[in-house]
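Each chain is listed here by its residues.
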Amino acid sequence: MLSAQERAQVAQVWDLIAGHEASFGAELLLRLFTVYPSTKVYFKHLGFCPDETQLLTHGQRMLEAVGVAVRHMDNLRAALSPLADLHAQVLRVDPSNFPLLIQCFQVVLASHLQGEFTVEMQAAWDKFLTGVSVVLTEKYR
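Values in this document were obtained by computation on a predicted structure and should not be read as measured data.

(A) Focus on the overall build of the chain. Per the secondary structure count, the chain includes six helices and zero strands. Mapped in sequence order, the helices and strands of the chain form the string α-α-α-α-α-α. Here the chain has a C-alpha radius of gyration of 14 Å; the compact-globule value for 141 residues is 14 Å, and the two agree. Over its C-alpha atoms, taken along the principal directions, the chain stretches across nearly 40 × 35 × 20 Å. In the chain, buried positions account for 43% of the 141 residues. In the chain, the proportion of contacts linking residues at least 24 apart, taken out of those at least 6 apart, comes to 73%. Here the chain has roughly 7600 Å² of accessible surface; of this, 57% comes from carbon and sulfur atoms. Within the chain, the 14 negative side-chain charges are centred at a point lying 10 Å from the centre of the 11 positive side-chain charges.

Procedures and definitions
Residues numbered from 1 in each chain as written. Predicted model: local features only at pLDDT ≥ 70, side-chain atom pairs only at ≥ 80, totals over all residues. Heavy atoms only, no water. Helix = DSSP H or I, 4+ residues; strand = E, 2+ residues; numbered from the N terminus. Rg over C-alpha atoms; globule rule 2.2 N^0.38 Å. Buried < 20%, exposed > 50% of the residue type's maximum accessible area, 1.4 Å probe, protein only. Contact = heavy atoms within 4.5 Å. Areas by Shrake-Rupley, 256 points an atom, 1.4 Å probe, with all protein chains shown as cover. Lys, Arg positive; Asp, Glu negative; His and termini not counted. Charge placed at Lys NZ, Arg CZ, Asp CG, Glu CD.

Written out as structure tokens, the structure is:
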């Protein structure tokens, strides 16, 4: 899936994110809700305030799942299987929302990391997150 260089770029960006999971995740969710209001249907319990506890908590949980994927790039299916089951069978999230989430996440990365988030890193993250999305949608029937 990813070349050695792409893996290194994904890990390098993740190192820059580390410690900011809650705030980046909350910003990601707010951007998602703003740009794609229909996605809010899955998060009715979350508000629109960036420092809201529930928003920060869910944002952190989302990015912690990305961290699991980063640490298990060699075996995404096994690492993300419980999350794939949850989204497909319990939450029944429309899989067309995952590309929207990827797009918003990359905007958040670019806005915070700016010059450190090079075109090559963006391409590596796009490829990586697309792989995560594929794994998360495999359990849909």
